[in-house]
Amino acid sequence: MTLTLYGIPTCDTCRKARKALEGAGHEVAFRDVRAEPLSQDERAEFAAALGPKIVNRASPSFRNLDDTVKESAPEDILAAQPTAMKRPVIRREGELYLGWSKDVQAALL
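Residues numbered from 1 in each chain as written. Predicted model: local features only at pLDDT ≥ 70, side-chain atom pairs only at ≥ 80, totals over all residues. Heavy atoms only, no water.

**Regarding the pairing of strand E4 (residues 95–98)**
Under the convention used in this document: We treat two strands as partners when DSSP finds at least two bridges between them. Helix and strand assignments come from DSSP, with helices taken as H or I runs of at least 4 residues and strands as E runs of at least 2, each series counted from the N terminus.
One ladder, built from four bridges, connects strand E3 (residues 89–92) with E4; its direction is antiparallel. If you follow isoleucine 90 over to E4, its bridge partner there is tyrosine 97. In sequence, E3 turns back onto E4 through a hairpin of two residues, with glutamate 93 there showing a positive phi of about 45 degrees.

**Focus: the side chain of arginine 92**
Under the convention used in this document: Exposure is judged per residue with a 1.4 Å probe applied to protein chains only, and the accessible area is read against the type maximum: over 50% gives exposed, under 20% gives buried, and values in between give partly exposed. Contacts: residue pairs with any heavy atoms within 4.5 Å of one another.
For arginine 92, the location among the structural elements is in strand E3. Classification of arginine 92 as buried rests on a relative accessible area of 17%. Excluding anything up to four places from it in sequence, arginine 92 contacts Met1, Leu3, Tyr97, Ala107 and Leu108.

**Digging into helix H2 (residues 40–50)**
Under the convention used in this document: Our arc is simply the arc of the directions from the helix axis toward the C-beta atoms.
For H2, the set of buried residues is Glu42, Arg43, Phe46, Ala47 and Leu50. When H2 is viewed along its axis, its buried side chains cluster within an angular range of 130 degrees and face the same direction. For H2, exposure combined with an orientation more than 90 degrees from the buried face picks out Gln40, Asp41, Ala48 and Ala49. On its buried face, H2 sits against strand E1 (2–7), strand E2 (27–32), helix H5 (74–80), E3 and E4. Positive phi shows up at glycine 51, right after H2, with a value of about 70 degrees.

**A few points about the environment of lysine 102**
For lysine 102, the location among the structural elements is in helix H6 (residues 102–108). Under the relative-accessibility criterion, lysine 102 is labelled exposed at 72%. Each C-alpha atom, one on lysine 102 and one on proline 37, is 27 Å from the other, the two residues being 65 residues apart in sequence.

So this is what it looks like as structure tokens:
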């Protein structure tokens, strides 16, 4: 089964997650959301599944946004600044997992 990891290559958490998943025998397809931003449908899917948590409000990418954009819906924020997404987002057979917490690790490793 191939997992898709959405993130950016410079994100330490994304690198840790990818290494652990591959070490556990998973095939991981990496999607750089900076180079290949999420489509409108993907942004809507992520926002519907993960809610406002999909936006990392502590990130410099988010803090540098215009205040009107900050007040927008999560999918609009990700359209304006893809790297404001909390990372990683991991897709496994239609399910989406956010971050690399112990719960996510337990579910995927």
